[in-house]
Amino acid sequence: MSRLLRSGFLLLLAAILPPAFAANSFNILVYHHVSEETPASTSISPTLFREHLQLIKDNGFQVVDLNEAISAVRNGTALAEGAVVITFDDGFNDIYTEGWPLLQEFNYPFTVFISTDAIDDGLGGMLSWDQIREMHSNGVTIANHTSDHDYLVRKRHYDQYWLNSVERNINNAQARLQQELGSEPPKWLAYPYGEYNLQLQQLVEKMGYIGFAQHSGGVWQGSDFLAVPRFAAAGIYSNPETLKVKLMSRPMPVTTESVQGMVTHQRQPVLTATISDRSDMSQVLNCFVDGTQEQVTWISDTEFQVQSGSELSTGRHRYNCTSRSLSGNFYYWLSKPWLVLDK
Ligand SMILES: [Zn+2]
């Protein structure tokens, strides 16, 4: 079917199906290593990675190109039902030796976010520019993960000096990618460690980039495109059954203003969120702080609050909230990442 015919068909489908079924969201997976010999927390074995790809195929999920998916949700055009995007961060060598052959076998598109200094330095275990060029010329999308993979927001002061150095960090990586690939990469930035703050998001917006984070949840038109969520799928998150639940989930329609930023000096930060449409949601909203269930306080029919019952340690934490769909066998999913820093 031609692209035009296909998109016309999808638009027609979107018009005749009730809103809850219109495929206007997608989920992104993030991997690092595909190997049995690398740190378990960021790795998936080739065998289990194949299982993931097979699960995606057997359950009718559609692996789509990241650019196509982002454009569709931003422009309000329908995406394939069960659309999923595959990404890798950092640029480890095993993406080329273990991951890519499997992805080629399934004919799945994917994106690799690269920190360019480690490639330039020829560090062991990293991709070489030759390998990156070979993948790129075979349709793999290569994008920006900063030059040095530094912690961008774990700083004492968020001043102009800091902003300038972060901007250089992003621009240098983009320039290196362009030099080596011969064409300009998409203006996408995967934040190292998934860490960002409001000032960094404003810089990324000013630079014309989309920012990708590492908290769970799907992407829809109302998403914060300066902190796009991605589901971790390796290490403790690699179980195929829980992965399937995540791939079936849809983003909870929450206004981005109510979940802004990530850095906090509060030890028990309060998440306040407003759901724009609860018509397809169960009355029950379950919220978890780093996996422990916490009480939800409703302020109105659509606005709720959740707060950690205990003091959070310095570092990254997650509030996750889910609510069952009334019309389908899936959950609406919201994740709020925090980076707790000392005063
Ligand atoms: Zn990384």
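Please read these numbers as outputs of a predicted model, since none were measured by experiment. (Residues numbered from 1 in each chain as written. Predicted model: local features only at pLDDT ≥ 70, side-chain atom pairs only at ≥ 80, totals over all residues. Heavy atoms only, no water.)

### Digging into the coordination of the zinc ion
Link 1 in the chain: Around the zinc ion, the protein supplies Asp90 (OD), His145 (NE2) and His149 (NE2) as donor atoms, at distances of 2.0 to 2.1 Å.
Link 2 in the chain: Here the donor residues of the zinc ion are spaced in sequence according to D-x54-H-x3-H. Placement of the pair is Asp90 in strand E5 (residues 83-90) and His149 in the loop between strand E7 (141-144) and helix H7 (160-181), with a sequence separation of 59 residues.
Link 3 in the chain: Residue Asp90 is classed as buried on the basis of its relative accessible area of 11%.
Link 4 in the chain: Residue classification places His149 among the buried residues on the basis of a relative accessible area of 18%. (Donors = N, O, S within 2.8 Å, 3.2 Å for Na, K, Ca; no water. Helix = DSSP H or I, 4+ residues; strand = E, 2+ residues; numbered from the N terminus. Buried < 20%, exposed > 50% of the residue type's maximum accessible area, 1.4 Å probe, protein only.)

### Some words on the packing of aromatic side chains
Link 1 in the chain: With the rule as written, the count across this model stands at 15 aromatic pairs.
Link 2 in the chain: Judged by centre distance (5.7 Å) and plane angle (40 degrees), the ring pair of Tyr96 and Trp100 falls under tilted. Of the two residues, Tyr96 and Trp100 are both situated in helix H4 (residues 93-106); the distance of 4 residues between them amounts to about one turn of the helix.
Link 3 in the chain: Among the residues examined, Trp100 registers a relative accessible area of 7% and is labelled buried. (Phe/Tyr/Trp six-rings, centres within 6.5 Å; stacked < 30°, edge-to-face > 60°.)

### Points about the domain arrangement of the protein chain
Link 1 in the chain: What the domain assignment reports for the protein chain is domain 1 (3-249) and domain 2 (256-340).
Link 2 in the chain: If you look at the interface, domain 1 gives 26 residues, while domain 2 gives 19 residues.
Link 3 in the chain: Summing the contributions of domain 1 and of domain 2, the shared interface buries around 1700 Å²; its carbon and sulfur component is 64%.
Link 4 in the chain: Between Glu195 and Arg316 there is a salt bridge, with its nearest N and O atoms 2.6 Å apart.
Link 5 in the chain: At the boundary of domain 1 with domain 2, the tally comes to 4 residue pairs in polar contact (both at pLDDT 80 or more).
Link 6 in the chain: Sorting the residues of the side of domain 1 that touches domain 2 by element identifies helix H8 (198-206) and helix H9 (240-248) as the ones contributing at least two each.
Link 7 in the chain: Considering every element that reaches the side of domain 1 that touches domain 2, the biggest residue donor is H9, with 3 residues. (Domains from an automatic or database assignment. Contact = heavy atoms within 4.5 Å. Buried area = accessible area lost by both parts, 1.4 Å probe. Salt bridge = Lys/Arg side-chain N within 4 Å of Asp/Glu carboxyl O. Polar contact = N/O pair within 3.5 Å; in protein donor to acceptor, adjacent residues only side chain to side chain.)

### Quick notes on the state of the cysteines
Link 1 in the chain: Under the definition given, this model contains 1 disulfide.
Link 2 in the chain: For Cys287, the disulfide goes to Cys321, at an S-S distance of 2.1 Å. Between Cys287 and Cys321 the sulfur-sulfur dihedral comes to about 115 degrees; the bridge is accordingly right-handed. Of this pair, Cys287 sits in strand E15 (residues 286-289) while Cys321 sits in strand E19 (residues 315-324), and the two are 34 residues apart along the sequence.
Link 3 in the chain: In this structure Cys321 comes out as buried when scored by relative accessible area, which is 1%. (Disulfide = S-S within 2.5 Å.)

### Re the pattern of salt bridges
Link 1 in the chain: Using the criterion set out here, one finds 12 salt bridges in the structure.
Link 2 in the chain: Here Arg50 and Glu105 are joined by a salt bridge, their closest N and O atoms 2.8 Å apart. Remark: Glu105 occurs in helix H4 and Arg50 occurs in helix H2 (residues 46-58); sequence separation between them is 55 residues.
Link 3 in the chain: The shortest N-O distance in the salt bridge between Asp150 and Lys155 comes to 3.1 Å.
Link 4 in the chain: On the basis of relative accessibility, which here comes to 33%, the residue Lys155 falls in the partly exposed class.
Link 5 in the chain: Where salt bridges share partners, they join Asp120, Asp130, Arg133, Arg176 and Glu180 into one cluster.

### Concerning the nonpolar core
Link 1 in the chain: Formed by 40 residues in total, the largest nonpolar core has its most connected members in Leu29, Tyr31, Phe49, Ile56, Ile86, Phe88 and Phe110.
Link 2 in the chain: Aside from chain neighbours lying at most four places away, what touches Phe49 is Tyr31, Val34, Ile44, Phe88, Gly99, Leu102 and Leu103.
Link 3 in the chain: Formed by 21 residues, the second largest nonpolar core is a distinct cluster that contains Tyr319, Cys321, Phe330 and Tyr332. (Core = buried A, V, L, I, M, F, W, Y, C linked by side-chain atoms within 4.5 Å.)

### Overview of the sheet that holds strand E14 (residues 270-274)
Link 1 in the chain: Within the open sheet, the 3 strands sit side by side as E14-E18-E17. Their pairing is antiparallel. Every other strand in the sheet has two partners, leaving E14 and strand E17 (296-298) as the edge strands with one partner each. On average, each strand axis in the sheet is tilted by 25 degrees relative to the strand beside it, whichever way the strands run.
Link 2 in the chain: Relative to strand E18 (residues 303-307), E14 runs antiparallel, the two sharing 5 bridges. From the neighbouring strand, Thr274 faces E18, where its bridge partner is Glu303. (Pairing = 2+ DSSP bridges. Axes fitted to C-alpha atoms, helices over the stretch in contact; angles between N-to-C directions.)

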